[in-house]
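Breakdown of the fold
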Amino acid sequence: MTNLIDIRDVRHAYRTEAGTLPVLDGLNVSVPEGGFVAVVGPSGCGKSTLTKLVAGLLKPDHGEVWLHGEKVKSPRSTVGMAFQNPVMLEWRTILQNVMLPLEIVPNKLTKAQKQDRARYLLELVGLKGFEDKRPSELSGGMRQRASLCRALVHKPEVLILDEPFGALDAFTREDLWQIMHQVKEREPFTGVLITHDLRESIFLADKVVVLSGRPARTQYVLDVPDTGPRSLDHLYTSEAAEMLAILRHQIEVAQGRAPAEAEPETRIAPPPGSAAQGMH
Amino acid sequence: MAYVPEPVRSPSAAVGAAGAAGRSMAGFLTSRAFLAPVGAVLVFLIVWEALVWVNGWPNYVMASPSDLPPAYARYWELFLVMGWQTLWRTVVGLLVAVVFGVLVGMVMGFSRLMRDALYPLLVGFNAIPKATVVPIVALMFVGAHDFNTVLIAFMISFFPIAVSVSIGLSTLEPEYRDILRSLGASQFTVFWKIALPKTLPEFFGALKVAVTLAFIGTNLMEIVSPHGRGLGALFDSGKTNSDYPLMFAVLIALAFLGIVLYYIVVALEKIFAGWAERSPG
Ligand SMILES: Nc1ncnc2c1ncn2[C@@H]1O[C@H](COP(=O)(O)OP(=O)(O)O)[C@@H](O)[C@H]1O
Ligand SMILES: [Mg+2]
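Below you will find a few notes about this structure. Everything numeric here is computed off the predicted structure, so don't read it as measured data.

With that settled, the discussion passes to the overall build of chain A. Looking only at helices and strands, chain A has eight helices and 11 strands in total. Relative to the globule expectation of 19 Å for 280 residues, the C-alpha radius of gyration of chain A, 19 Å, shows essentially globular dimensions. For chain A, buried positions account for 52% of its 280 residues. In chain A, of all internal contacts separated by at least 6 residues, the share reaching a separation of at least 24 is 70%. When the accessible area of chain A is evaluated, it comes to approximately 12,500 Å², of which 50% is carbon and sulfur surface.

We now examine helix H5 (residues 130-140) of chain B. Residues and elements named next belong to chain B. Turning to H5, its buried residues are Lys130, Val133, Val134 and Val137. All buried residues of H5 lie within an arc of 115 degrees about the axis, which places them on one face of the element. Buried-residue contacts for H5 involve helix H4 (112-127), helix H6 (145-170) and helix H8 (187-224).

This next bit is on unusual backbone geometry. That bond from Arg214 of chain A to Pro215 of chain A is cis: its omega, -5 degrees, falls within 30 degrees of zero. Checked against the element boundaries, Pro215 of chain A lands in the loop between strand S9 (207-211) and strand S10 (218-223). A positive phi angle, close to 50 degrees, is found at His68 of chain A, a residue other than glycine. With respect to the element layout, His68 of chain A can be found in the loop between strand S4 (62-67) and strand S5 (70-71). Accessibility expressed as a relative area gives 40% for His68 of chain A, which makes it partly exposed. Here the phi dihedral of Ser242 of chain B falls at roughly 50 degrees; this positive angle occurs in a residue that is not glycine. By the element assignment, Ser242 of chain B lies in the loop between helix H9 (230-240) and helix H10 (244-273).

A separate point is the site of ligand 1. Residue and element names in this part refer to chain A. Taken together, the residues surrounding ligand 1 are Tyr14, Thr16, Leu21, Val23, Ser43, Gly44, Cys45, Gly46, Lys47, Ser48, Thr49 and Arg214. Side-chain polar atom of Tyr14 to a nitrogen atom of ligand 1: 3.5 Å apart, as the coordinates give it. Take Gly44: an N or O atom from its main chain is 2.8 Å from an oxygen atom of ligand 1. At the level of secondary structure, the elements contributing two or more residues to the shell around ligand 1 comprise strand S1 (5-16), strand S2 (19-31) and helix H1 (47-54). For the shell around ligand 1, the element with the most residues is H1, which contributes three residues. When the residues that make up the shell around ligand 1 are grouped by side-chain class, the tally is four nonpolar, six polar and two charged.

What follows deals with the interface of chain B and chain A. It is common to give the size of an interface as the accessible area lost on bringing the parts into contact. Chain B puts 18 residues into the contact, and the matching count from chain A is 25 residues. Roughly 1,800 Å² is buried in total at the junction of chain B and chain A, and carbon and sulfur atoms are behind 74% of that figure. In this structure, Lys193 of chain B and Glu103 of chain A form a salt bridge, with 2.6 Å as the shortest nitrogen-oxygen distance. Summed over the shared surface of chain B and chain A, the number is two residue pairs in polar contact (both at pLDDT 80 or more). The set of elements that each furnish at least two residues to the side of chain B that touches chain A consists of helix H7 (174-181) and H8 of chain B. The leading source of residues in the side of chain B that touches chain A is H7 of chain B, at six residues. Here the side of chain B that touches chain A is composed, by residue class, of eight nonpolar, three polar and seven charged.

What follows covers the pairing of strand S7 (residues 158-162) of chain A. Residue and element names in this part refer to chain A. The buried count for S7 comes to five of five residues, which makes it a mostly enclosed element. Residues Val158, Ile160 and Asp162 of S7 are buried on one face, and the alternating residues Leu159 and Leu161, pointing to the opposite face, are buried as well. Bridge count between strand S6 (residues 79-83) and S7: five bridges; the pairing is parallel. Residue pairing in the sheet places Gly80 in a bridge with Leu159 of S7. Note that the unit made of S7, helix H5 (residues 170-186) and strand S8 (residues 190-194) has a crossover that is right-handed.

Scoring rules and cut-offs
- Residues numbered from 1 in each chain as written.
- Chains lettered and ligands numbered in written order.
- Predicted model: local features only at pLDDT ≥ 70, side-chain atom pairs only at ≥ 80, totals over all residues.
- Heavy atoms only, no water.
- Helix = DSSP H or I, 4+ residues; strand = E, 2+ residues; numbered from the N terminus.
- Rg over C-alpha atoms; globule rule 2.2 N^0.38 Å.
- Buried < 20%, exposed > 50% of the residue type's maximum accessible area, 1.4 Å probe, protein only.
- Contact = heavy atoms within 4.5 Å.
- Areas by Shrake-Rupley, 256 points an atom, 1.4 Å probe, with all protein chains shown as cover.
- Arc of directions from axis to C-beta.
- Near = heavy atom within 4 Å.
- Polar contact = N/O pair within 3.5 Å; in protein donor to acceptor, adjacent residues only side chain to side chain.
- Nonpolar A, V, L, I, M, F, W, Y, C, P; charged D, E, K, R; others polar.
- Buried area = accessible area lost by both parts, 1.4 Å probe.
- Salt bridge = Lys/Arg side-chain N within 4 Å of Asp/Glu carboxyl O.
- Pairing = 2+ DSSP bridges.
- Right-handed = clockwise from strand over helix to strand, strands pointing away.

Shown next as structure tokens:
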């Protein structure tokens, strides 16, 4: 089986006036079609750099990034991106903002079809009735939902989310988690989610990759047994508690605050048996 | 002070859409946005007149507003011709400044290296008092009067435009660029779809300064260079002939033209960057 996203032994360094700054060093991530991987790691370790490599905005110094069996050499329109800063264009309505990618990506849609597509997505994320509002008239959570629609409007194969919910309050964030599940059901994509919220990572993703401190390499991969929509209660099972404990420990290792026990890149299968037992 | 709105009807606009336009015009003429500044101008004229009258100043010390209408009546043809010359040369100078300023601003906004390289040069250039440049230009291109005037208007006004565009572009959040670039958009598309519209509020802010500067530049050239044209030259001839009411009439005409130009820019700003006006709250 080929993976939709394959990052193979990628190394990358930024060249600045102060010298070279190695950011990624031996990064391996693979995501099957329809998969949703969350990437966590210490701040400044190179997570956003990773998204730029996948999007083709940067070329790695060494190693390869493959998308759908093709080596990524330049940006491609099969990618959709959303960031922590939703960057809506203030001179456009929400609907026009969502339609922006359709003005760039070659397509044969008529104006009406583009509008329908954007309206459909806005309704999907609960923004029906806000199409003609200006971005400044919306709350932060609403803007982030609109930015999600913009990332999906051209039906990308890969959705890249770089800490999209990082600036939102806890309640809004949990709302958006639920919405993400609904969206993924109706608009299938292969996802990469950068986050610093461990609960978010296991709630949304089916695989969590922990990066080491800079220069980052793949330090740990956790498979999440649940896939598909789930309720927030899932975060309060002993199974979830166990996964969170593992991830928290791995982050401490990545930050250099705890000694590593497991070998790097060891794939630790989730212990469903033990977790299930713990529940009784 | 009661104000009775008079229906404004120029003979050419008396038919067709004039009905609706006339009504909204009447609405505007009774609105506070119109009455307040008109009232302020009236107060200003009254105070001016009173000041001259109380002090008993003769014309050659200070003309009073009541001296002006005769001056306009006598020279109205000159005012139209000279006013037009001043106007078009200012506007052409400003347009060249916009093109050149936007280009320089783009180069400096997109390239860090060019910004570092050009900035001190621009600042130094801007710091030179233009009154010193005027005679140099007048000597360099003797007789090319229109060209000289446009050149000074341009030189004095392009700096704020270049700086505002370069700042607008260089402070563009990288996410904007990434979203478009990740879809395969060209650098030009990024500029056209995002950078340019996003910079428009700064651009118009600078244009408001630039339009006044260009106007000053035009008049500087007109007054300083001999055998000049435009309102500046008319002012100069008033000085030579000790026609003080004429000099004051020119000043008022200049102020009027300056106001017109300024509000044209404001109207353009409303059209193209009206979205940047934040609603309160
Ligand atoms: N364009 C760049 N030029 C130089 N250094 C950069 C650039 N982008 C990021 N960096 C540096 O690279 C490191 C990793 O950045 P980033 O990938 O944004 O980290 P993260 O998203 O994990 O917080 C940081 O130390 C950052 O300062
Ligand atoms: Mg980041």
